[in-house]
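Breakdown of the fold
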Amino acid sequence: MSDLLANLNREQLQAVTLPPRHALILAGAGSGKTRVLTTRIAWLVQTAQVEPQGVLAVTFTNKAAKEMLARLSAMLPLSFARSARTLWVGTFHGLCNRLLRIHHRDAGLPQLFQILDSGDQLAAIKRLLKTLNVDDDKFPPRELQHFINGQKEAGSRPHAVEAWDDYTRRRVALYQEYEAQCQREGVVDFAELLLRTYELLERNEPIRQHYQRRFRHILVDEFQDTNKLQYRWLKLLADNGNEGGARLFCVGDDDQSIYGFRGAEIGNMRDFEREYRVDNVIRLEQNYRSHGNILDAANAIIRNNTGRLGKNLWTERGAGEPIRVYEAFADSDEARWVVEEIQALVRDGMSRSGIALLYRSNAQSRVLEHQLFSAGIAYRVYGGLRFFERQEIKHALAYLRLIANSDDDTAFSRVVNFPARGIGARSMETLQEAARTWNGSLYASVPHLGGKAGTALGGFVRLIEALRNETRALTLPELVDHVLDASGLRNHYRSEKEGQERLENLDELINAAANFVSEAGAEAGQSAESHTLLADFLAHASLEAGDHQADAGSDAVQLMTVHSSKGLEFDAVFLSGLEEGLFPHENSVLEASGLEEERRLMYVAITRARQRLYLSFAQSRMLHGQVRYNPRSRFLEEIPEAYTRWLTPPRPKGGGMASTGYGGYPRSSPPQAAAKRAGSAAPVPPRRDVGGLRVGQLVAHAKFGQGVIMAAEGNGSDARVQVNFGRAGVKWLLLAVAKLEPA
DNA sequence: ATTCTTTAGTTTTTT
DNA sequence: ACTAAAGAAT
């Protein structure tokens, strides 16, 4: 035990050995947060303050859960080797799934209920709108999906939603229909997993009391990312003074809350502190990752936010190198410079995998990739399609889902005619009609059909029945293998030109099934019927869509959005595209809360760097097929000069002036050359002079005040310019109408 | 049923 | 500019 607590700093030690009370740990970036969490669990177990099964640890990603489990089994001595498995460590959704499988009856769900991922959910909603003959122009499926998930995350069932207008009333009615459809089909979406579990614990006193007695300690990672419902979920199990219950040990960083847009409630931290009378919030402020200049810059930026819980990172390491700032003419020049700099770093001995290229939005990766590719530098982009989201895998899973639960209409619709079986839109319409009249699933309604449609569909049903019977005695990997052949999927992709990779992925699915069995098999008696194991595997596929790409072995430069960089660290970090409109993003700057989240994002980006940080921006950038001229980001202005070194001569902030430049720097694609083609109309003058005005010029408008011309297009009476008026916003003005004076 | 054409959307993302 | 998905035509 002495080595368990060795090498912890004062605050870390204090947090780990806290008496059993509710606790809030404010853990700054790079302050050893995960270490504190896992050591706390190990310490509680080793000092016999809690049995392993009395611990519940909640994370947000499967990756974090896995890492925690791995570290724990390394920390606990052999006598506790088994305890890592009796510990409940997982994501909110994973734990809810576990609870709902155990208590499916009390939760009103079939034992083999299926989990819809967001794509499945969207498909289900589209199908619902179609059967109800609802105009999807008036009720866009995506918007409806957002509405439904929003309601569920607020804990509201349809009857509880306050609807003051017709539109909302309609949407609530659709929400209700959607719920009925899911219940009928025995499927559950992500938000439903949480809400269903919440309601189960809230309404079923014996079950709630059971878990309140069982869990003595609940530890929550990334607490700043919890949403309203997740916090309420925790409160149900927490010790509230009279019913018993768990002590909450919440670890988070309000300055790294960057998921507000998907419902994360930064206010949960304040609420928790107040509601549970946490009197000694522990701050982990010593940073073990970055040099001083980097931390000071991060501190300086985040100081501009209001309502923080307050925290200042420091390090025992020296100030280190200054932060390098670079101004480029165009996005392509910026990318070229980044690549040259990377080549220099690699020449000096830095590993490629220690270098990260961060950007605010995915669209920015393109230019960077292009330059990296031409330079022949190995790179890896995070955030593409994940394994279980691939088309061919989704198709295979749909067959498996139908074996486990034939009422799953989403799965049915997906593969009823894939590979093609001559079941077209007409047959499906008749079937849908039948399903409505007989009030059953699509699958169950097939026998009611006659005619040609009935014959083809009957064949499909017999196929599924056969699959179900033939696979009963098989192991899970064998089952998957058999389904791939008997469904015709393999044959289909064999005859497809680009099918080779898909075939490999399908084989990989068999491997995934084998891995799942060996991992699950080691756990408690999962030796049940093969189709129960199948349902577990399907849940696993939905909840853990699979790592992006497992190319981690190769030494490649890492490209990712700032969001996906959270939690990671690199020797050198390039943060490109630091321009107004891009970072902070234009959709965020109108509201103070939006701008503050952007600032936290900037804080996250900066604190990823260990030794060296590069910040860059470009005067002109191609976005959505248009060249844009954005001033440099306000966040650059928030970093004191003492921490930076400009690699290009610093100039006063303003609109990017396309016509001025400095000598000595490559200028292969000046902004003018990228001028937009004007379709069939007369060509736009390349100098972009319109009515005597040019891009970058400061102009005055009677109503909007002063502004900078960002872009111009059109000729003669059509000529118009885009002006950034700052407070008054960005506007397109027709020169024939608006009176603009040079200012 | 396949193939071409048109259209909408393009901040961030996990489960 | 570019993509994915829906719609129209063959």
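Structure's up top.
Residues numbered from 1 in each chain as written. Chains lettered and ligands numbered in written order. Predicted model: local features only at pLDDT ≥ 70, side-chain atom pairs only at ≥ 80, totals over all residues. Heavy atoms only, no water.

1. Observations concerning the sheet that holds strand β3 (residues 88-91)
Strand pairs in the sheet, formed through backbone hydrogen bonds, run parallel or antiparallel to each other. Spatially, β3-β2-β6-β7-β1-β8 is the arrangement adopted by the six strands of the open sheet, whose pairing is parallel. Either end of the sheet is taken by a strand with one partner, and the two such strands are β3 and β8 (282-284). For this sheet, the mean angle separating the axes of adjacent strands, direction not counted, is 15°. Alignment of strand β2 (residues 55-59) against strand β6 (residues 217-220), held across four bridges, turns out to be parallel. Within the sheet, the bridge partner assigned to V58 lies in β6 and is V220. With respect to the sheet, helix α13 (residues 267-275) is in contact with β1 (23-27) and β7 (247-252), its orientation differing from that of β1 by roughly 145°. (Pairing = 2+ DSSP bridges. Helix = DSSP H or I, 4+ residues; strand = E, 2+ residues; numbered from the N terminus. Axes fitted to C-alpha atoms, helices over the stretch in contact; angles between N-to-C directions. Contact = heavy atoms within 4.5 Å.)

2. Here we look at the nonpolar core
Among the nonpolar cores identified, the biggest contains 52 residues, and F388, Y399, F412, F460 and L509 are the most heavily contacted of them. Tallying contributions element by element places helix α17 (residues 391-404) first for this core, with nine residues. Other than its neighbours up to four places away in sequence, L509 contacts F387, F388, I393, A396, L397, V480 and F537. Counting 44 residues, the second largest nonpolar core, distinct from the first, contains L99, Y198, M269 and L309. (Core = buried A, V, L, I, M, F, W, Y, C linked by side-chain atoms within 4.5 Å. Buried < 20%, exposed > 50% of the residue type's maximum accessible area, 1.4 Å probe, protein only.)

3. So, the protein's contact with DNA strand B
Surveying the vicinity of DNA strand B reveals 25 residues, the closest of which are N62, H93, R360, N362 and T561. At the protein interface, 54% of the atoms of DNA strand B within 4 Å belong to sugar or phosphate. In this structure, a base oxygen belonging to DNA strand B sits 3.4 Å away from a side-chain N or O atom of H93. Within the side chain of T561, one N or O atom sits 2.6 Å away from a phosphate oxygen of DNA strand B. (Near = heavy atom within 4 Å. Polar contact = N/O pair within 3.5 Å; in protein donor to acceptor, adjacent residues only side chain to side chain.)

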